[in-house]
Amino acid sequence: MNLSPHFYQKRWLIFFLVFVFVGLNTLLAQEAKFEMGHKMTLLVIQLAIIVIAARFIGLLFSQLLHQPRVLGELVAGMVIGPYALGAISLPFLNGPLFPKGPGFLPVSPELYGLAVVASIVLLFMSGLETDLPTFLRFSVVGSVVGLGGVVLSFFLGTLIAVLLLPGVNSFLSPAALFLGALSTATSVGITARILNERRKMSSPEGVTILAGAVLDDVLGIVILAIVVGISRVQIGGSEVEWGHIGTIALKAFGFWVIATALGILSANRLTRGLKRLRSQDAIAGVALGLALFVAGLAEVAGLAMIIGAYIMGLSLSQTDIASELRNRIHGVYNFLVPVFFCVMGMMVNFAAMKRILVFGVIYALLAIIGKVVGCGLPAYLMGFNWRGAFRVGAGMLPRGEVTLIIAGVGLSAGAIGSDLFGVAIVTLLIASLIAPSLLVKSFEGGSGLRKETLLKKEEAGCRIKLEFPSFHIASFIRNRIIEAFENEEFFVHRLNIDGMIYHIKKEDVFITLHQKEGMIELSASEDNRALVSLIVMEEILALKDLFEAVQKVKKPEMVCEELASGLLSDEEEKFN
Amino acid sequence: MNLKKILTSDDIILSLSASTKKEVIREMVECLHQRGKIEDKEAALQAIMEREKKMSTGLEKGVALPHGKCEAVKELVAAIALKHEGVDFGCLDGQPAKIFIMTLSPLNRSGPHIQFLAEITRLLKNKEKREKILQAQSEEEVLEILCS
């Protein structure tokens, strides 16, 4: 068969094309493999530097400067980030350690992804630690105070953006909304630490702050959902109508209310299911997995992931496995959360902030005024005197994780630039640095109450006090009592604060055990008096048995002599 | 705590024939044994008597809570018994005991034991409830009054 030269030309062309295609493909695959390998290497080295720097600077802040560790972690991020030391090119990496990422974020998507996972763990833990009964008990006064702070802070935040920021001329512009939302959330961690140190946690001011802060966080998260919704529409180029805002708000609030109600209602059933796993580690693992899943669902529903994580934590917070979950997740939390704060610190662009320095100062000032006045005034109206109202306002000042998450979401969505992000972080730092000294000073002086108010002192319940002749005997009995509760399938959790305070929990039973030197005190509701009394009684009876049994064995001196004899005998004597 | 998951009307003795502390305990153990809830009744009896030796479980207001832990049971078992005339049980207030709640739990297994006793104690704090239980005409009525 004769084939034309044209055909041979064509065949050669096809052969050439196939060769080029296969060659290029192999080359690209190798390139991609190399690219992927390089990215992962960079990520691992970045993580190593972040973990070490966050630990060191965090410790420096907490131990030398006596400031919260999170502030140190944020500063660590600022120092090693892409706008500072991280921008220096390193020869073995063929570039800087923290190269600027694509899009609005100054860090790589991989690193930001890790920070997002950390924020989910953080908010899941916040939800687990939420003291829902205290919030509900003081919900009236707490809600009024929290709401006052949120409304005024949000209003002042958006107002200053509209008045002073170029290009922002509407209260509904994404930048204004984000600056408003950033002012709302309160971080109760710093305040709780100070209140605890000063033994003011259960004072009227203390419980009002705690209840108000819970509402603040919830409102902050819901506001974030609404702001994200509106911003997405605006950044997409569409006009936002009031009806649309209503829909977004309703959706966010609806999701929040329904998911929380469902979560709390099904928590006990879920807990029973989890307990079937018969392994505390497995329970914690599955619970964390569920938190990630619900976080994902919230994002699918058009809300922020942290809402889902917080709801999951809040739902499980009142179950008897909550303290065990907190214990088990603590390791993951301790590793990931400093990464989150450090990555957030990395996003602060000092050069960009210079442009809006005046704005930043006014914004920080108003953010502080917004909280002190916004929370203090309703507190005054609810029956505190000016001193008490100032205490409440100062206690609501610190900003924390929710503020950072809102800022991070705003930055990644392009609603705020790196300059405004920097302003938000610096405001957070200033507010958190001022709050402790202000709060300590405010608690000097007398009562913060003006008159008999809605605030009622916490119910005393029952208190059982046991005095023992020494710390060691008291510790022995304490361990026996704890073991007895564990045998009754109670969950016992030692609080991570100084002193020996234990929370003992099962379903709706909640008991606190506190040991101070030779004294053990158990507190519970009046309903659980019989349970506490009977358990303690049985343990004391068992102890009596134990002492009697020891006396029957041998004289302790004789046992000791037997144990001590022969300790210094040499080898030969032993063999002889 | 759901008491009806642990107690049924079959676990209730409306009128004990016993007239001493030991007889009360034996009769209640016998009842649980006959219902197949206790394998070794002597072991169960010994566990309860051991506990009584340490300190009487007779509380106040005519209520006693004889209890113990032993290998004779596979899970928490309980019985309620009444003796209208009362029995000297070494109660704290010196009064005779009329309402007896017995509990036995496995020795080396975790689970509610004291919690069950505490729940019953909490319910029997109510004077009206105690009186109604003593006036009850049937085992079912006792259970209903206790759990209501």
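Residues numbered from 1 in each chain as written. Chains lettered and ligands numbered in written order. Predicted model: local features only at pLDDT ≥ 70, side-chain atom pairs only at ≥ 80, totals over all residues. Heavy atoms only, no water.

Student: Could you clarify how one ought to interpret the packing of aromatic side chains in this entry?
Tutor: Describing an aromatic ring pair means giving the distance of the ring centres and the angle of the ring planes. The final tally for this structure, using the stated rule, is five aromatic pairs over all chains. For the pair Phe359 of chain A and Tyr363 of chain A, a centre-to-centre distance of 6.0 Å together with 20 degrees between the ring planes defines the contact as stacked. Within this pair, Phe359 of chain A and its partner Tyr363 of chain A are both found in helix α14 (residues 357-381), separated by four residues, close to a single helical turn. Tyr363 of chain A carries the same exposure label as Phe359 of chain A, and that label is buried. Here Lys21 of chain B stacks its cationic end above the ring of Phe89 of chain B, 5.0 Å away from the centre of that ring. (Phe/Tyr/Trp six-rings, centres within 6.5 Å; stacked < 30°, edge-to-face > 60°. Helix = DSSP H or I, 4+ residues; strand = E, 2+ residues; numbered from the N terminus. Buried < 20%, exposed > 50% of the residue type's maximum accessible area, 1.4 Å probe, protein only. Lys NZ or Arg CZ within 6 Å of the ring centre and 35° of its normal.)

Student: Mind showing me how you'd approach the interface of chain A and chain B here?
Tutor: In many reports, interface size means the accessible area that the parts give up when they come together. With 18 residues of chain A at the contact, the number on the chain B side is 16 residues. Across the chain A to chain B interface the summed buried area is about 1,500 Å²; carbon plus sulfur atoms make up 58%. Seen at the junction of chain A and chain B, the total is two salt bridges. Residue Arg51 of chain B pairs with Glu538 of chain A through a salt bridge whose shortest N-O separation is 2.8 Å. Here chain A and chain B share six residue pairs in polar contact (both at pLDDT 80 or more) between them. Mapped onto the side of chain A that touches chain B, the elements with two or more residues apiece are α18 (471-487) and α19 (529-553) of chain A. Of all the elements, α19 of chain A adds the most residues to the side of chain A that touches chain B, at nine residues. Classifying every residue of the side of chain A that touches chain B gives eight nonpolar, one polar and nine charged. (Contact = heavy atoms within 4.5 Å. Buried area = accessible area lost by both parts, 1.4 Å probe. Salt bridge = Lys/Arg side-chain N within 4 Å of Asp/Glu carboxyl O. Polar contact = N/O pair within 3.5 Å; in protein donor to acceptor, adjacent residues only side chain to side chain. Nonpolar A, V, L, I, M, F, W, Y, C, P; charged D, E, K, R; others polar.)

Student: Can you walk me through the packing of helix α10 (residues 280-300) of chain A against helix α12 (residues 322-346) of chain A in this structure?
Tutor: Two measures define how a pair of helices packs: the angle their axes make with one another and the distance between the axes. All names here are of chain A. Where α10 meets α12, the closest approach of the two axes is 9 Å, and the angle between their N-to-C directions is 75 degrees. Judged by the inter-axis angle, α10 sits roughly perpendicular to α12. Contact with α10, carried on its side by Gln280, Asp281, Ile283, Ala284, Ala287 and Leu288, involves Glu324, Leu325, Arg328, Ile329 and Val332 of α12 and no other residues of that element. In the contact of α10 with α12, the residues fall into seven nonpolar, one polar and three charged. (Axes fitted to C-alpha atoms, helices over the stretch in contact; angles between N-to-C directions. Parallel < 35°, antiparallel > 145°, perpendicular 65-115°, else oblique.)

Student: Sorry if this is basic, but what is going on with the layout of surface pockets here?
Tutor: Empty space among the atoms becomes visible once a probe the size of a water molecule is rolled across them. Roughly 1,500 Å³ of volume is contained in the second largest pocket. Looking at the second largest pocket, it is lined by 37 residues, and the ones nearest its centre are Glu489, Lys506 and Glu507 of chain A together with Gly111 and Pro112 of chain B. The set of elements that each furnish at least two residues to the lining of the second largest pocket consists of α9 (242-275) and α10 of chain A. Ranked by residues supplied to the lining of the second largest pocket, first place goes to α9 of chain A with four residues. Both domain 2 (116-442) and domain 3 (463-564) of chain A contribute no fewer than three residues apiece to the lining of the second largest pocket. (1 Å grid on protein atoms, 1.4 Å probe; cavity = no way out; pocket = protein on both sides within 12 Å on 5 of 7 lines; lining within 4 Å. Points joined across faces, edges and corners; volume = space filled by probe spheres on them. Domains from an automatic or database assignment.)

Student: Looking at this structure, how should I read unusual backbone geometry?
Tutor: Note: most residues except glycine have negative phi, and most peptide bonds are trans. All names here are of chain A. For Glu517, which is not glycine, the phi dihedral falls at a positive 50 degrees. Relative to the helices and strands, Glu517 resides in the loop between β6 (509-516) and β7 (519-524). Accessibility expressed as a relative area gives 59% for Glu517, which makes it exposed.

Student: What am I meant to see in the packing of helix α6 (residues 174-182) of chain A against helix α8 (residues 204-235) of chain A here?
Tutor: All names here are of chain A. It is the contact of α6 with α8, at a shortest axis distance of 9 Å, that shows an interaxial angle of 170 degrees. Between α6 and α8, the crossing angle belongs to the class labelled roughly antiparallel. Where α6 abuts α8, its residues Pro174, Leu177, Phe178 and Ala181 lie against Ile223, Leu224, Val227, Val228, Ile230, Ser231, Gln234 and Ile235. In terms of residue class, the contact of α6 with α8 is built from ten nonpolar, two polar and no charged.

Student: Could you clarify how one ought to interpret the confidence of the model for chain A in this entry?
Tutor: Interpreting fine coordinate detail is not advised for predicted regions of low pLDDT. When pLDDT is averaged along chain A, the result is 79; 84% of the residues meet or exceed 70. Scored below 50 in pLDDT, residues 456-460 of chain A shows three contacts in the model against residues more than four places distant or in partner chains. (pLDDT = per-residue confidence, 0-100.)

Student: Sorry if this is basic, but what is going on with the side chain of Ser108 of chain A here?
Tutor: All names here are of chain A. Topologically, Ser108 is positioned in the loop between β2 (95-96) and α3 (109-129). On the basis of relative accessible area, Ser108 is assigned to the buried category, the value being 15%. Sequence-distant contacts of Ser108, that is, excluding residues within four places in its chain, are made with Gln46 and Gly101.

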